[in-house]
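# Observations on the three-dimensional arrangement
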Amino acid sequence: MNERRTKHRARSSFWRIPAAISATHVHLTPALIEELFCDSYKLHEQSRLAQPTQYATEESVTLIGPRGRLANIRVIGPPRSASQVEISQSDALTLGICAPVRGSGDLEGTRGILMEGPRTRVRLECGSIRALHHVHMRPTDAANLGLKDGDRITVTKEDHARPLSLRDVLVRVSPDYRLELHLDPDEADAVGLRSGDHVIALPRRADSEHSR
């Protein structure tokens, strides 16, 4: 009986987090939406995303770099206060630009890019990033894991045969979030993850005890 209780506590000390692969996409300001599409234009929701406040739209744009272009890049709503282009390293090589790894919204000093919509082309002065892999979670999830917004953690692929890890995963906490790991297609390929797979995270308290 005691052995069973010990095993149960060991299992419950791990948190399973669903993974989602973020394809290349853009977030746009209301002003840029009007420039690219038309005056007073409103985005049309196509499907809801796992994060409750976000949705994929029917609208798409083309990204144009010095070396190449990427067409049919999905616009994610709702509109934001700053436009942001989230690409992978493979995309950056195709476009011929240098995109730093940044957390969402950390755009200072990033490269711009030419964006084409149905109405016209607009050059962004900055905003192209490779999004730092991150975990969205609610405050209750963060409290149970001993975490706070802005922390960095390590997660491990739920695969006993090949338990590869992702380090320096940014923690994002908000009542509007749902527990989910986000990473780009290049990172997902590197560790063999697909959308719907799970990773394992140790609570901060358990992780600290294990390290002593």
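Residues numbered from 1 in each chain as written. Predicted model: local features only at pLDDT ≥ 70, side-chain atom pairs only at ≥ 80, totals over all residues. Heavy atoms only, no water.

### So, the pairing of strand β12 (residues 165–173)
Of the strand pairs in this sheet, strand β10 (residues 134–137) and β12 are connected by 4 bridges, and their pairing is parallel. Among the inter-strand pairings, His 134 is bridged to a residue of β12, identified as Leu 170. (Pairing = 2+ DSSP bridges. Helix = DSSP H or I, 4+ residues; strand = E, 2+ residues; numbered from the N terminus.)

### Topic: unusual backbone geometry
Of the consecutive residues Gly 77 and Pro 78, the connecting peptide bond is found in the cis state with omega at 5 degrees. Considering the arrangement of structural elements, one finds Pro 78 in the loop between β5 (69–77) and β6 (84–86). The phi dihedral of Asn 72 is positive, around 60 degrees, even though this residue is not glycine. Relative to the helices and strands, Asn 72 is located in strand β5. The backbone phi angle of Asp 168 is positive, close to 60 degrees, even though this residue is not glycine. Position of Asp 168 among the secondary structure elements: in strand β12. On the accessibility criterion, Asp 168 (38% relative accessible area) is partly exposed. (Buried < 20%, exposed > 50% of the residue type's maximum accessible area, 1.4 Å probe, protein only.)

### Thoughts on the sheet that holds strand β14 (residues 198–201)
In space, the 6 strands of this closed barrel follow the order β1-β13-β10-β12-β11-β14, with mixed pairing throughout. If you compare each strand with its neighbour and ignore which way they point, the axes differ by 40 degrees on average. As judged from the 3 bridges shared by β10 and strand β13 (residues 180–183), these two strands associate in the antiparallel manner. Each residue of the ladder has a partner; that of Val 135, found in β13, is Leu 181. (Axes fitted to C-alpha atoms, helices over the stretch in contact; angles between N-to-C directions.)

### Details of the side chain of His 136
Turning to its location among the elements, His 136 is positioned in strand β10. According to the relative accessible area criterion, His 136 is buried, its value standing at 6%. A polar contact is formed between the side chain of His 136 and the side chain of His 182, at a distance of 3.5 Å. (Polar contact = N/O pair within 3.5 Å; in protein donor to acceptor, adjacent residues only side chain to side chain.)

### Quick look at the confidence of the model for the protein chain
Across the protein chain, pLDDT averages 89, with 88% of residues at or above 70. Between residues 1–12, whose pLDDT stays under 50, and residues either more than four places distant or in other chains, the model counts 0 contacts. Note on residues 205–212: pLDDT under 50 across the span, and 5 contacts to partners over four residues away in sequence or across chains. (pLDDT = per-residue confidence, 0-100. Contact = heavy atoms within 4.5 Å.)

### A closer look at the packing of aromatic side chains
Taken as a whole, this structure holds 1 aromatic pair when the rule is applied. Where Phe 37 meets Tyr 41, the ring centres are 5.0 Å apart and the plane angle is 15 degrees; that geometry is what we call stacked. For Tyr 41, a relative accessible area of 22% puts it in the partly exposed group. (Phe/Tyr/Trp six-rings, centres within 6.5 Å; stacked < 30°, edge-to-face > 60°.)

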